[in-house]
Amino acid sequence: MKSRTDGMWWGTAIEAPDPSGLARFYAELLGWHIGHEEPGTAIVAASPQGPFFVFQQADDYRAPVWPPADGEQRPMMHFDFQVGDLDSAVAEAVALGATVAESQPQANVRVLFDPAGHPFCLCYDEG
């Protein structure tokens, strides 16, 4: 975007029933830090320059369903994270509060749900 200048933040905003709790989950999972918290909003940052995940309070939040099902809340987006060891990455995420989805699309990908029910993928690529 041409109007952006150095120091401007950028990121992804995600609805959550507990923004601070979800920010702590992703901060631990990714080794990032919580850059800002206030009632209804928590921000996780990879560095002071970003990228940022902004978790915002959502009243009447409904977790998406994976795989998508007619009449249910569809996943509108999800995170993909490349990992060096799929089994240990899954174990680490589960220890932090994630759950493993029943439906798995590929042998080298694991779909998990964060504590708010958003799906995310851990991906292992050989090579």
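A quick note: this is a predicted structure, and the numbers were derived from the prediction, not measured.

*Asks:* Is there a simple way to think about the sheet that holds strand β4 (residues 52-57) in this case?
*Replies:* Sheet strands associate in pairs through backbone hydrogen bonding, adopting either a parallel or an antiparallel arrangement. One open sheet holds the four strands; their spatial order is β1-β4-β3-β2, and the pairing between them is mixed. The strands lining the two open edges of the sheet, one partner per strand, are β1 (11-16) and β2 (33-38). Across this sheet, the average inter-strand angle for adjacent strands is 20°, counted without regard to direction. The pairing of β2 with strand β3 (residues 41-45) spans five bridges and is classified as antiparallel. In the sheet register, E38 faces β3, and the bridge partner there is T41. In the packing of helix α1 (residues 19-30) onto the sheet, contacts are made with β1, β2, β3 and β4, and the angle to β4 comes to roughly 160°.

*Asks:* Is there a simple way to think about the packing of aromatic side chains in this case?
*Replies:* In this description, a pair of aromatic rings is defined by centroid distance and the angle of the planes. The tally for this structure, following the rule as stated, stands at eleven aromatic pairs. Considering the side-chain rings of Y26 and F79, the 5.5 Å spacing of their centres and the 75° angle between planes classify their relative orientation as edge-to-face. A residue pair is termed long-range when its members are at least 10 positions apart, and Y26 in helix α1 and F79 in strand β5 (residues 79-82) qualify at 53 residues. Here Y26 matches F79 in class, with each residue buried. Centre to centre, the rings of F53 and F79 are 4.1 Å apart; their planes meet at 20°, and the pair counts as stacked. Of the two residues, F53 is situated in strand β4 and F79 in strand β5; the sequence distance between them amounts to 26 residues. Each member of the pair, F53 as well as F79, is classed as buried. Ring-pair connections join several aromatic residues into one group, and the members of that group are F25, Y26, W32, F53, F55, F79, F81 and F120.

*Asks:* Just to check I follow, could you spell out the pairing of β3 for this structure?
*Replies:* A regular strand places its side chains so that they alternate between the two faces of the sheet. The buried fraction of β3 amounts to five of the five residues, a majority that puts the element mostly inside the structure. Hairpin connection, β2 to β3: the antiparallel pair is bridged by two residues, and G40 has positive phi, about 90°. One ladder, built from five bridges, connects β3 with β4; its direction is antiparallel. In the strand pairing of β4, T41 is matched with Q56. Linking β3 to β4, which pair antiparallel, is a turn of six residues; within it G50 sits at a positive phi near 100°.

Definitions and cut-offs
- Residues numbered from 1 in each chain as written.
- Predicted model: local features only at pLDDT ≥ 70, side-chain atom pairs only at ≥ 80, totals over all residues.
- Heavy atoms only, no water.
- Pairing = 2+ DSSP bridges.
- Helix = DSSP H or I, 4+ residues; strand = E, 2+ residues; numbered from the N terminus.
- Axes fitted to C-alpha atoms, helices over the stretch in contact; angles between N-to-C directions.
- Contact = heavy atoms within 4.5 Å.
- Phe/Tyr/Trp six-rings, centres within 6.5 Å; stacked < 30°, edge-to-face > 60°.
- Buried < 20%, exposed > 50% of the residue type's maximum accessible area, 1.4 Å probe, protein only.

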